[in-house]
Amino acid sequence: MANQRSFCCRTKIRFFLTLTLVAAAALFLFNIATQILDIPPSRRDFIQREYEDRGEIIRKWRKEKSQPRNKPVIGAVPCKGKKCNKFMGVLGLDKNSEGGASAQHCRHPLFLPQNDSISSYFSKRPPLKCKVPEELQCGYSGGKITVAADWSCLLQAINRPDSKDSVVEYTSPQLLTRSVDVQELKLDKDFYRLSCVPNKHLVGTESQKPLEKLKVMATDGETSEQHFFTHISSYPDGELDLCPSDKCLPYNVLILGVGSLSQASFRRLLPKTYDYFTNTLLSSQFTGYNVVGDGATGALLPLLTGLDESHQVEARINKEHSHYMDRMELLWNAYDRQGYATLYAEDHPSSNTFNERFQGFERTPTAHYMRPFWLAAESHLSQEFCLGEKPKHQYMLDYLVDFFSAYKKDRKFAIAMLKELTQTDLSLAQHLDDDLLKFLMTMSPFLQNTLVILMTDHGLIPDQTATSWQVKVQARMPLMSIYLPQSFFNDHSDLAHALISNEDKLVTPYDIHHTLKDIIDTPRLSFSDPRDKGKFGQSLFRPIPVDRTCESAGVDIHWCACHTRFEIGDGEIDRSKVKEKVLTKLNEMTSSHRDHCAAYTTISLLSIYRVVPNEQIAEYEALKNEKFTAETKLDQNYYQVTFSATSSVSDVSDLYEVTLELKDTVFSQSYSMVSEIVRLNKPKTKSCSVDKDIIRYCSCLTL
């Protein structure tokens with residue numbers, strides 16, 4: 001007994017020493033970073049005070065958690081040895097804790113960011129440097145438009161016509177022949193194009209005056225310089241009506257997302273941003289965050305509406321009785337009704353969440369909507385990922401800073417998704433790290449009353465890793481991290497405590513939706529069960545039960561990352577029947593598009609795993625009093641199948657996955673699909689004249 005007490009004492013000492021070292025290292029790195037990035041001392045002092053005040057509270061609450069963090073798993077193997085101990089220390093995990101893994105039904109694996117099994121798919125990238133002409137004569141910076149002597153410019157606002165979400169128009173031009181502050185111009189729009197030429201190019205003719213000639217040149221894109229810039233114009237009526245204190249919590253909301261990165265990939269590729277947000281701002285990392293559907297739509301729709309796509313009104317392109325997305329009750333509408341200024345931005349218009357497969361919006365969805373800017377600018381990109389002298393992502397980050405600055409006394413709700421860099425090559429996310437870090441530091445004055453969500457929408461599965469179980473699981477586990485300001489801990493300690501208690505539990509986009517609804521509907525906080533009848537999810541401001549399962553959380557078996565999986569033997573299932581099942585289904589989906597899509601002819605099974613919900617294993621072992629093994633069979637058995645499909649018109653294989661249910665009787669085996677067929681790799685061509693829903697399953701006749 002004495003030895004056991006001595007061991008526990010040594011364990012506690014090591015745990016607190018680890019916390020102290022991590023805190024000291026984070027503070028040291030923070031001081032260096034702020035000096036390198038030239039952050040003003042006042043902002044550094046604010047961040048440091050926040051760190052010290054909140055750090056003590058958070059560390060105490062994490063220590064007091066009734067359910068310890070889950071034992072980590074590296075890849076699909078239980079974590080052991082010195083490497084594991086080091087990893088657990090970095091994450092603040094107690095390697096001697098017992099009961100956490102067994103008490104919680106849903107046990108997600110934790111992955112090392114630098115896991116060697118997938119490291120070959122990432123490469124170090126040089127900094128993104130946008131090429132700039134040596135002598136720009138005109139431009140916009142710091143609220144001032146610069147026009148050189150003997151030059152003339154046309155300034156035009158970029159507008160979005162009503163009911164046209166993919167079209168832009170330009171206002172009547174304003175002639176500028178000198179540098180001018182935008183305050184003098186009294187600009188009332190968010191987006192502008194500045195088209196400039198030397199005056200010597202404007203020599204008029206009998207039929208065309210200089211101004212008219214400049215208008216034609218600007219329209220045809222023939223000007224010597226063309227610049228695009230953003231400028232937030234607040235509501236003309238001044239301050240918005242504040243939501244009363246008995247209805248809303250007094251906080252802004254900022255949701256900042258990056259596309260196509262898993263938790264582990266974000267930590268690997270954006271280490272400075274992750275370290276600052278986690279260890280300096282002491283945000284809560286939800287290691288059990290699980291997607292509920294495919295792609296960005298499957299991530300954002302549940303977060304913004306509380307419903308998945310199957311429960312929404314029909315809004316897909318080329319579908320009968322299809323509507324605009326305005327019919328959906330999106331979260332920013334609720335915030336707008338409570339007097340919040342609202343903003344929505346994505347940086348890649350062709351793959352926009354609400355436009356790639358959907359009709360888009362009939363009316364401008366938020367007070368500040370960045371899609372028209374990118375539509376106007378996309379044909380004027382100076383180089384890949386650059387617009388003029390700045391990276392494209394920097395325009396969005398500057399737009400967010402301007403938004404928060406323009407509404408200093410008003411409450412704000414903003415959601416911005418940076419998707420373009422990671423569309424096809426995850427390694428390009430490295431270009432974001434320094435700029436995101438500087439953005440978060442620049443935003444420090446607003447963090448005193450802002451709830452910040454740093455997230456990714458989903459992981460990406462490279463073609464070469466399609467059969468890797470580790471990569472499959474990571475694709476279902478994006479980043480979800482929430483920062484609460486110091487005042488939240490002071491005024492709502494019970495809510496903050498509950499949120500921290502949920503850090504290692506199974507969390508979904510539905511839960512984030514309910515959490516954000518609580519901010520503007522505080523009477524919900526008094527309800528014992530705040531969920532709407534028939535809908536999934538609960539607020540993170542209440543403890544999530546440890547016996548929560550994917551099924552009870554609204555996560556289909558295909559997307560659940562906390563199942564146990566088994567590799568199957570050769571004779572366990574009839575592979576020919578599996579091939580026949582998926583081939584028939586694939587060809588049915590494109591049968592009405594044979595003028596564009598060839599029928600698939602060959603199916604190759606790349607991997608098959610049996611997946612078993614953890615709660616079923618626990619129930620079986622309790623009932624039968626025996627260990628559940630790979631050979632144990634249940635009444636319902638599920639298999640996740642990864643396969644390639646080829647047609648007679650293409651030698652390129654298309655990669656898919658699907659989850660099947662096997663019903664095995666004495667007389668026969670029958671298979672049914674319990675998930676949709678999910679495309680893993682991108683179509684190799686965009687030449688098919690079919691909508692986005694079909695092209696995912698189409699082997700195009702025209703390559």
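Just above, that's the structure.
Everything numeric in this text was worked out from a predicted model, so none of it was measured.

Chemist: Even after reading the chapter, I still don't get the overall build of the protein, so can you show me in this structure?
Modeler: Counting its secondary structure elements, the protein contains 21 helices and 27 strands. Here the protein holds 703 residues, and the buried ones make up 54% of them. Nonlocal contacts in the protein, meaning residues at least 24 apart in sequence, comprise 76% of its contacts between residues at least 6 apart. If you sum the accessible surface of the protein, you get close to 31800 Å²; carbon and sulfur atoms cover 49% of it.

Chemist: Looking at this structure, I do not really get the packing of helix α12 (residues 392-406) against helix α13 (residues 433-442). What am I missing?
Modeler: Angle between the axes and distance between the axes are the two parameters that describe a pair of packed helices. Between α12 and α13, whose axes approach to 11 Å, the crossing angle comes to 5°. Taken as axis vectors, α12 and α13 run roughly parallel relative to one another. For the pair α12 and α13, contact is made by His393, Gln394, Leu397, Leu400 and Val401 and by Asp435, Leu436, Phe439 and Thr442, respectively. The residue inventory of the contact of α12 with α13, partitioned by class, reads five nonpolar, three polar and one charged.

Chemist: It is not clear to me how the sheet that holds strand β4 (residues 144-147) should be interpreted in this structure. Could you clarify?
Modeler: The strands that make up a sheet pair up through hydrogen bonds in the backbone, lying either parallel or antiparallel. Across the sheet, three strands lie side by side as β3-β4-β8; this open sheet has antiparallel pairing. A single partner strand is all that each edge strand has here, and the edge strands are β3 (138-141) and β8 (180-181). Here β3 runs beside β4; their pairing, made up of four bridges, is antiparallel. Of the residues in β4, the one forming a bridge with serine 141 is lysine 144.

Chemist: Would you mind going over the packing of helix α8 (residues 271-280) against α13 with me for this structure?
Modeler: One way to put it is that α8 packs onto α13 with a least axis distance of 7 Å and a crossing angle of 25°. Relative to α13, the element α8 is oriented roughly parallel. Side by side, α8 and α13 meet where Pro271, Lys272, Thr273, Tyr276 and Phe277 of the first sit next to Asp433, Asp434, Leu436, Leu437, Leu440 and Met441 of the second. The class makeup of the residues in the contact of α8 with α13 is seven nonpolar, one polar and three charged.

Chemist: Sorry if this is basic, but what is going on with unusual backbone geometry here?
Modeler: In terms of backbone geometry, most residues other than glycine have negative phi values and most peptide bonds are trans. We note that serine 260 has phi near 65°; this positive angle belongs to a residue other than glycine. Positive phi values are uncommon outside glycine, yet histidine 321 reaches one of about 60°. Relative to the helices and strands, histidine 321 is located in the loop between α9 (295-305) and α10 (331-337).

Chemist: Could you clarify how one ought to interpret the environment of threonine 629 in this entry?
Modeler: Note that threonine 629 resides in the loop between α20 (614-624) and β23 (637-647). Counting along the chain gives 12 residues from threonine 629 to isoleucine 617, while the straight-line C-alpha distance between them is 9.1 Å.

Chemist: How should I be thinking about the pairing of strand β13 (residues 341-346) in this particular structure?
Modeler: Regular strands place their side chains on alternate faces of the sheet. The element β13 is largely enclosed, with a buried count of six among its six residues. Covered by surrounding structure in β13 are Ala341, Leu343 and Ala345 together with Thr342, Tyr344 and Glu346, the residues of both alternating faces.

Chemist: Is there a simple way to think about the environment of tyrosine 344 in this case?
Modeler: Inspection of the secondary structure puts tyrosine 344 in strand β13. A C-alpha to C-alpha distance of 7.9 Å links tyrosine 344 and proline 365, two positions 21 residues apart in sequence. In contact with tyrosine 344, not counting residues within four places along its chain, are Trp332, Asn352, Thr353, Phe354, Phe361, Pro365, Thr366, His368, Tyr369, Met370 and Ile415.

Cut-offs and rules
- Residues numbered from 1 in each chain as written.
- Predicted model: local features only at pLDDT ≥ 70, side-chain atom pairs only at ≥ 80, totals over all residues.
- Heavy atoms only, no water.
- Helix = DSSP H or I, 4+ residues; strand = E, 2+ residues; numbered from the N terminus.
- Buried < 20%, exposed > 50% of the residue type's maximum accessible area, 1.4 Å probe, protein only.
- Contact = heavy atoms within 4.5 Å.
- Areas by Shrake-Rupley, 256 points an atom, 1.4 Å probe, with all protein chains shown as cover.
- Axes fitted to C-alpha atoms, helices over the stretch in contact; angles between N-to-C directions.
- Parallel < 35°, antiparallel > 145°, perpendicular 65-115°, else oblique.
- Nonpolar A, V, L, I, M, F, W, Y, C, P; charged D, E, K, R; others polar.
- Pairing = 2+ DSSP bridges.

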